[in-house]
Amino acid sequence: PRLLQVSHSVAMARKWGFLLLVVALAAVAEAGRDFYKILGVKRNANTKTIKKAYRKLAAQWHPDKNPGDKEAESKFSDIGHAYETLTDPDRKALYDREGEEGLKKHGQQGGGQGDIFSSMFGGMFGQQGGQNGQEIPRGADVSMDLDVTLEQLYGGDIIEMERAKSVAKEAKGTRECNCRNEMKTVQVGAGQFQMQQHRVCEQCPNVKLVTEYNALDVDVEIGMKQGQEITYHGEGEPHIDGEPGSLIFRINVLKHPLFTRRKNHLLCNATITLKQALLGFTMSVKHLDGHAVEITRDKITAPGTTLKIKGEGMRSYENNNKAGDMFVTFRVEFPDGKMSDADAQALGSMLPGGDKTVVFNGLESRFVPTERLSSM
């Protein structure tokens with residue numbers, strides 16, 4: 001009887017465990033999608049982080065880049081809903097309390113993905129050109145420099161700005177439009193005809209240009225280079241009979257207090273004392289993202305010596321998982337004043353070799369000679 005009772009208890013435990021699992025799965029299904037997981041951000045992520053995650057995923061899964069791919073369409077829809085919800089304070093608070101079901105109950109589902117994407121990307125995926133082989137006239141492109149720091153290029157950034165943009169709005173009356181020159185046969189005399197060119201126009205609704213102020217997020221990608229362009233189609237000057245031109249940002253890298261960039265390498269200088277140059281030293285260099293690059297030297301460091309620290313350079317634009325190297329060139333600071341005779345004699349007895357003087361043309365060498373280049 002005791003064995004039967006134990007077996008019955010195990011069976012009941014399994015039954016209740018199964019029922020609890022079903023209830024848990026049902027609760028998860030009812031709660032809807034995990035918008036934080038969809039965007040790959042933490043629950044305490046700020047708006048800038050959410051925007052950055054959205055832009056990256058939206059560009060990856062946009063239907064124009066994945067034609068006919070149903071999975072891409074589904075993911076693009078999911079990240080659009082996630083972005084809409086998590087960037088609206090009221091909807092985010094409701095979602096955090098009640099999940100997606102709460103949004104549905106209160107009619108807060110959203111769903112204007114195309115408008116969101118256009119406003120953030122400025123029409124980067126917009127169609128260009130005309131239909132049926134006809135070229136649509138375009139407004140002028142607007143080009144401007146975008147000042148960025150090495151820190152922004154190392155980690156990527158979103159620069160929020162307000163764009164003053166001229167937009168064509170309907171006005172009263174009509175105007176001539178779609179004007180063209182056509183050849184027409186005209187009688188100029190008895191039995192005499194001549195081909196003449198005539199200007200032919202259509203009548204279109206009148207328009208006026210109005211300045212609007214729109215928020216624009218400029219995506220500075222990791223590893224971008226000086227002069228590289230970021231183009232937003234449809235954000236340039238308007239054309240009343242066609243499409244607006246493009247807004248083009250050119251990357252302009254500001255001077256950095258520590259580093260100079262050469263391709264994907266970072267170059268900097270460091271000053272050490274004569275004692276450190278002779279006996280060795282340990283130091284650290286603060287990188288662009290704040291982490292410390294440790295340098296240990298246990299041998300003599302001559303003035304002008306350059307150390308290469310592999311993989312600590314600028315991250316690559318083509319492959320963000322790769323990086324160049326860091327090169328640190330050392331300057332040795334000598335003590336001021338004059339040594340006493342006793343100190344000079346003692347130091348002279350410790351240093352190897354005798355007197356040696358070599359004259360050479362130092363202007364020919366802009367970089368440290370290869371024999372001075374060491375790797376860490």
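Criteria and thresholds
- Every chain's residues receive numbers from 1 upward, in the order its sequence appears when written.
- Two thresholds apply to this predicted model, a pLDDT of at least 70 for residue-level local features and 80 or more for giving and counting side-chain atom pairs, whereas whole-chain, interface and lining totals are computed over all residues.
- Note that the side-chain values use all heavy atoms of the structure and ignore hydrogens as well as water.
- What counts as a helix is a DSSP run of H or I of at least four residues, what counts as a strand is a run of E of at least two, and both are numbered from the N terminus.
- Residue burial is assigned from relative accessible area. The probe radius is 1.4 Å, only protein chains are included, and a residue is buried under 20% of its type maximum, exposed over 50%, and partly exposed in between.
- Residues count as neighbours in contact if any of their non-hydrogen atoms are within 4.5 Å of one another.
- Here, Shrake-Rupley sampling with a 1.4 Å probe gives the accessible areas, and only protein chains in the shown set may cover a residue.
- Confidence of the prediction at every residue is given by pLDDT, a number between 0 and 100.
- The convention used is that axes are lines fitted to C-alpha atoms, helices contributing only their stretch in contact, and that angles between N-to-C directions extend from 0 to 180 degrees.
- Reported orientations rely on four angle classes, namely roughly parallel under 35 degrees, roughly antiparallel over 145, roughly perpendicular from 65 to 115, and oblique for the rest.
- Should the near helix be turned anticlockwise from the far one by less than a right angle, the crossing is termed left-handed; should it be turned clockwise, right-handed.
- Note on definitions: salt bridges are taken to be side-chain nitrogens of Lys or Arg within 4 Å of carboxyl oxygens of Asp or Glu.
- A pair of strands is labelled paired if DSSP reports no fewer than 2 bridges between them.
- Helix span, as expected, comes to 1.5 Å for every residue beyond the first.
- In the analysis that follows, any N or O atom pair within 3.5 Å is treated as a polar contact, provided that within protein one partner can donate a hydrogen and the other can accept it, and provided that, for residues neighboring in sequence, both atoms belong to side chains.

This part is about the overall build of the chain. The helix and strand inventory of the chain stands at 9 helices and 12 strands. Counting across all 376 residues of the chain, residues that qualify as buried make up 30%. Taking the contacts inside the chain whose residues are at least 6 apart along the sequence as the reference set, 66% of them involve residues at least 24 apart. Approximately 25000 Å² of the chain is accessible, and the part contributed by carbon and sulfur atoms is 52%.

This part is about the environment of Thr211. Tracing the backbone through its elements, the reader meets Thr211 in strand β3 (residues 192-220). On the basis of relative accessibility, which here comes to 46%, the residue Thr211 falls in the partly exposed class. Sequence separation between Thr211 and Ala168 is 43 residues; the distance between their C-alpha atoms is 8.9 Å. The contact partners of Thr211, leaving out residues within four places of it in the chain, are Ala164, Lys165 and Ser166.

For the chain, per-residue confidence averages 82 on the pLDDT scale, and 81% of positions sit at 70 or higher. Every residue in residues 126-133 scores below 50 in pLDDT, and together they form 8 contacts with partners more than four places removed in sequence or on other chains.

The phi dihedral of Lys263 is positive, around 55°, even though this residue is not glycine. Here Lys263 falls in the exposed class, since its relative accessible area comes to 73%.

Moving on, we come to the packing of helix α3 (residues 47-61) against helix α4 (residues 70-86). Close contact between α3 and α4 brings their axes to 9 Å; oriented N to C, the two are set at 165°. When the axis of α3 is compared with that of α4, the two are roughly antiparallel. The handedness of the crossing between α3 and α4 comes out as left-handed. Seen from α3, the contacting residues are Ile50, Lys51, Tyr54, Leu57, Ala58 and Trp61; seen from α4, they are Ala72, Lys75, Phe76, Ile79, Gly80, Tyr83 and Leu86.

Attention now goes to the pattern of salt bridges. Tallying each qualifying case throughout the model produces 17 salt bridges. Residue Arg250 pairs with Asp145 through a salt bridge whose shortest N-O separation is 3.2 Å. Of this pair, Arg250 sits in strand β5 (residues 246-253) while Asp145 sits in strand β1 (residues 142-148), and the two are 105 residues apart along the sequence. Judged by relative accessible area, which is 30%, Arg250 ranks as partly exposed. Taking the relative accessible area as the measure of exposure, Asp145 reaches 46% and is therefore partly exposed. Ionic pairing is found between Glu202 and Arg180, a salt bridge with its closest N-O pair at 3.8 Å. Of the two residues, Glu202 is situated in strand β3 and Arg180 in strand β2 (residues 157-189); the sequence distance between them amounts to 22 residues. Looking at Arg180, the relative accessible area reads 35%, which means it is partly exposed. Residues joined in a network through salt bridges with shared partners are Arg33, Asp78 and Glu100.

Right, let's get into the sheet that holds strand β4 (residues 229-233). An order of β1-β5-β4 is seen for the 3 strands of this open sheet, with the pairing classed as mixed. Of all the strands in the sheet, just β1 and β4 have a single pairing partner and so form its edges. Between one strand and the next, the sheet's axes are offset by a mean angle of 25°, whatever the strand orientation. Where β1 and β5 come together, 7 bridges link them in parallel fashion. Of the residues in β5, the one forming a bridge with Ser143 is Ile248.

Below, the discussion takes up α4. Taking 1.5 Å per residue as the helical rise, α4 with its 17 residues ought to reach 24 Å, and the 24 Å between its terminal C-alpha atoms agrees with that figure. Of the residues making up α4, those classed as buried are Ala72, Phe76, Ile79, Gly80, His81, Ala82, Tyr83, Glu84, Thr85 and Leu86. In this structure Asp69 caps α4, since a side-chain oxygen of it lies 3.0 Å from the backbone nitrogen of Glu71.

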